[in-house]
Amino acid sequence: MQKKPGSRPKGNPSHKPKFGTHKAQTQSLQAGAAKDGQESSTRQYTVKEPTELLPFLLEKLSSLGRNAVKAILARGQVAVNGKAVTAYNHPLQPEMIVTINKDKVVEDIPLAGMTILHEDHDVIVIQKDAGLLSIATDTQENQITAYRQLTAHVRNHDPKARIFVVHRLDRDTSGVMMFAKNEQAQQHLQNTWQESVKERTYVALVEGMVRKPEGTISSWLKEHAKSLKMFSTPYPNDGQHAVTHYKTLQANKSFSLLEVNLETGRKNQIRVHMQDIGHPVAGDKKYGSKSKEINRLGLHARVLAFVHPTTGQLMRFETHIPKVFLNPFKEPGVKK
């Protein structure tokens, strides 16, 4: 199969994606488009004036009988603006696009707790909500995960398709993360992670006022054998080296909002390092937080930039700071 280049969306080169933008429906409608000079299996029409769907189809498919057109509708072979429609009296307005497919239109599966930001033949980039597992562990086999949902999403279009894990976000961390759609892309990204990933920027809401406006935290991280909790060991070269850079964006006596850049990507790295400097991430009971100000973990993966494993193009995805992270800095009386 010929690989499409991993295209950066049009517009601002930094690409601030609109949540909910989803290309898969368009791709599904074009799946039967002409290959090697063969006739396209889809027809598209632009609505010129208000009408209903069945009369519109009867006019466009005048060579077919009324019952044949009704059968096409009933089989889900007609889409309006990318969504399959079967109702005869579905209202049409000017500029709507009606697509008729020789095959049944494949609708995308609804996704819970996540939004697809970008998808091509090699990678799929999502924004994950707090509370959604990236991938199940042995004790969480039956839970809804980003991995399981994306597997169902790609298999909806190709039963043999697979999803491959590249990196993870903690369950209670929201933000941008990436999966591969083939083993070659996964291996390339994992083997060249330090070179391929150009930026991983988080925002962290932490307890207390961080006195030093910016700084770097460096330590060796280990995992406790029983509690599985990560911690900084006092012994050099004992564990995995972890380096975290931070800069204060806002602060008051109770909280600080930090921009955090990872030089290394260790398990729970930011959470451990914030505890190390006496400012645990808000809502992070596991690593010393006492606050319940935002009713979630105050950690969000805001930016992910990486070199596409096939095209070599720089891909950059930036999301908004969660509004709830800004609530502690609003003036009293201001509605949250």
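Residues numbered from 1 in each chain as written. Predicted model: local features only at pLDDT ≥ 70, side-chain atom pairs only at ≥ 80, totals over all residues. Heavy atoms only, no water.

1. A short note on the packing of aromatic side chains
- Taken as a whole, this structure holds 2 aromatic pairs when the rule is applied.
- On the basis of an interplanar angle of 80° and a centroid distance of 6.4 Å, the ring pair of Y45 and F56 is categorised as edge-to-face. Residue Y45 is found in strand β1 (residues 42–46), and its partner F56 is found in helix α2 (residues 53–60); the two are separated by 11 residues along the sequence. (Phe/Tyr/Trp six-rings, centres within 6.5 Å; stacked < 30°, edge-to-face > 60°. Helix = DSSP H or I, 4+ residues; strand = E, 2+ residues; numbered from the N terminus.)

2. As for the pattern of salt bridges
- Summed over the entire model, instances satisfying the criterion amount to 9 salt bridges.
- The salt bridge involving D238 is made with K222; its shortest N-O contact spans 3.4 Å. With a gap of 16 residues between them, D238 in the loop between β13 (230–233) and β14 (240–251) and K222 in strand β12 (residues 214–223) connect regions that are remote in the sequence.
- Linked by salt bridges that have partners in common, E199, R302, R316 and E318 make up one network. (Salt bridge = Lys/Arg side-chain N within 4 Å of Asp/Glu carboxyl O.)

3. Considering the pairing of strand β17 (residues 314–318)
- Most of β17 sits out of view: 4 of its 5 residues are buried.
- Here strand β16 (residues 299–307) pairs with β17 via 5 bridges, running antiparallel. Paired with A305 across the two strands is R316, which belongs to β17.
- Remark: 6 residues form the turn of the hairpin made by β16 and β17, two consecutive strands paired antiparallel; G312 in that turn has positive phi of roughly 80°. (Buried < 20%, exposed > 50% of the residue type's maximum accessible area, 1.4 Å probe, protein only. Pairing = 2+ DSSP bridges.)

4. Some thoughts on helix α7 (residues 269–276)
- Among the 8 residues that make up α7, 6 are buried, leaving the element largely enclosed by the rest of the structure.
- Along α7, the residues that are buried comprise Q269, I270, R271, V272, H273 and M274.
- On its buried face, α7 sits against β11 (197–207), β12, β13, β14, β15 (255–262) and β16.
- With its phi angle positive at about 85°, G278 sits one or two positions after the end of α7. (Contact = heavy atoms within 4.5 Å.)

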